[in-house]
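Take a look at the letters that make up each chain.
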Amino acid sequence: MSLPDLDRRLIAATQGGLPLVPRPYEAIGAALGLSGDAVRERLAAMLASGLIRRIGAVPNHYKLGFTANGMSVWDVDDERVDALGAQVGALPGVSHCYRRPRRLPQWPYNLFAMLHGRSRAEVVDQAARIEALLGAACRGHDILYSTAILKKTGLRI
Amino acid sequence: MQADDGAGPQAGTDTFIDSADARLIEHLHGGFPLTDRPFADVAAVLGCGEDEVIEQLRRMLAQGVLTRFGPLFQIERAGGCFVLAAIAAPEERFDAVTAMVNARPEVAHNYRREHALNMWFVVATETPAAADAVLDRIEAETGLVVSRFPKEREFAVELRLPIAEALRVTA
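Residues numbered from 1 in each chain as written. Chains lettered and ligands numbered in written order. Predicted model: local features only at pLDDT ≥ 70, side-chain atom pairs only at ≥ 80, totals over all residues.

## Some remarks on the overall build of chain B
Item 1. Scanning chain B for helices and strands turns up six helices and seven strands.
Item 2. For chain B, the sequential pattern of α-helices and β-strands runs β-α-α-α-β-β-α-β-β-α-β-β-α.
Item 3. Expressed as a percentage of the 171 residues in chain B, the buried residues total 29%. (Helix = DSSP H or I, 4+ residues; strand = E, 2+ residues; numbered from the N terminus. Buried ≥ 20, exposed ≤ 12 C-beta atoms within 10 Å, placed from the backbone.)

Put into structure tokens, the structure is as follows:
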């Protein structure tokens with residue numbers, strides 16, 4: 001079995017989540033004909049390579065009351081966008097912060113940061129913090145609030 | 001169609017987690033150990049029992065407080081490709097355009113947003129060329145320009161909510 005095949009099988013076996021038993025890696029291995037040690041070793045390698053970002057829990061922000069979500073978009077000086085983007089991405093309440101291409105003249109924004117709050121007022125406050133952080137490097141911004149989920153599916157490999 | 005943002009918390013969406021839940025969620029932001037008995041190791045740090053940690057996770061998953069517990073994959077490293085795209089859909093055709101976009105199995109999610117570009121969706125494919133082919137096809141079917149915003153650089157990918165702060169407000 002080549003390593004990519006093993007990785008693929010491990011992804012398939014764990015994308016629904018880790019088994020909630022005292023020895024979860026052994027349980028995964030039992031299903032794949034591997035030892036628990038072999039599973040942990042391979043998962044460690046996938047963590048090291050970045051194929052797995054981390055092993056952990058993903059909270060549902062809606063359930064925790066964070067129901068306002070706005071896609072904030074910023075027109076940031078190309079020379080400074082990478083350094084500033086890293087700082088924006090580290091702010092609390094920010095997720096999915098990316099540099100993306102402008103589509104001029106309609107779309108001047110090159111930095112995207114998803115903002116989450118319990119209300120639109122909180123989202124606006126977060127945007128104000130980002131605006132202050134970007135300072136003169138930012139020529140303009142907008143916040144696109146979502147008003148409906150039109151489709152949402154789980155990710156598949 | 002599910003309401004999303006709205007002006008504030010919607011009735012019934014708040015779940016009151018307790019301080020032990022908040023501590024566990026925050027602790028797991030640092031990563032779940034790759035050890036023989038990882039729940040026991042987490043429990044030792046938090047000062048509770050292995051069974052309690054497992055039961056807490058089981059309950060929060062069942063309640064929907066957690067959407068997932070396990071490895072979080074970076075799909076691009078597995079050869080996958082995501083492209084964000086947007087359309088300015090005329091109001092009178094909005095539902096028809098939505099149906100055309102959503103009909104493509106490669107469209108992973110799609111949001112209505114308040115802007116001239118009022119439909120924002122993500123296409124997930126094996127390769128960038130395949131993503132372009134899907135977006136070309138949507139353009140042909142809808143007769144509308146599909147603006148493409150591929151990721152050029154990633155600064156943050158997941159949300160770290162101020163959980164403890166949320167707890168103070170809802171408790």
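From this point on, the discussion continues.
## Thoughts on the domain arrangement of chain B
Item 1. Split by domain assignment, chain B resolves into domain 1 (19–72) and domain 2 (75–150).
Item 2. For domain 1 of chain B and domain 2 of chain B, the distance between their C-alpha centroids amounts to 36 Å. (Domains from an automatic or database assignment.)

## What to know about unusual backbone geometry
Residues and elements named next belong to chain A.
Item 1. Backbone torsion omega between Leu104 and Pro105 reads 5 degrees, so that peptide bond is classified as cis.
Item 2. Considering the arrangement of structural elements, one finds Pro105 in the loop between β3 (94–99) and β4 (111–117).
Item 3. One non-glycine residue, His96, lies in the positive phi region at around 50 degrees.
Item 4. Summarising the element assignment, His96 is placed in strand β3.

## Considering the domain arrangement of chain A
Item 1. Domains assigned within chain A are domain 1 (3–49) and domain 2 (68–145).
Item 2. Of note, the centres of domain 1 of chain A and domain 2 of chain A, computed from C-alpha atoms alone, are 37 Å apart.

## A word on the confidence of the model for chain B
Residues and elements named next belong to chain B.
Item 1. Scored by pLDDT, chain B has a mean of 85; 80% of the residues are at 70 or more.
Item 2. Low confidence marks residues 1–13, where pLDDT is under 50. Its contacts with residues over four positions away, or in another chain, come to 32 contacts.
Item 3. Prediction confidence for the complex, expressed as pTM and ipTM, is 0.74 and 0.75 respectively. (pLDDT = per-residue confidence, 0-100. Contact = placed C-beta atoms within 7 Å.)

## Re helix α5 (residues 120–134) of chain A
All names here are of chain A.
Item 1. In a regular helix each residue adds 1.5 Å, so 15 residues correspond to 21 Å; α5 covers 21 Å between its end C-alpha atoms and thus fits that length.
Item 2. Of the residues making up α5, those classed as buried are Val123, Gln126, Ile130 and Leu134. Buried residues of α5, seen end-on, are gathered within an arc of 80 degrees and therefore sit on one face of the element. Residues of α5 that are exposed and point more than 90 degrees away from the buried face comprise Ala121, Ala128 and Ala132.
Item 3. Directly beyond the C-terminal end of α5, a positive phi value near 55 degrees is found at Gly135. (Expected span 1.5 Å × (residues − 1). Arc of directions from axis to C-beta.)

## Focus: the interface of chain A and chain B
Item 1. Across the contact, 69 residues belong to chain A and 74 residues belong to chain B.
Item 2. Take the side of chain A that touches chain B: its biggest share by element is nine residues, from strand β5 (residues 138–152) of chain A.
Item 3. Of the pairings in the sheet, the one linking β3(A) to strand β7 (residues 153–156) of chain B comprises three bridges and is antiparallel in character. What sits directly across from A:Tyr98, in β7(B), is B:Glu154. (Pairing = 2+ DSSP bridges.)

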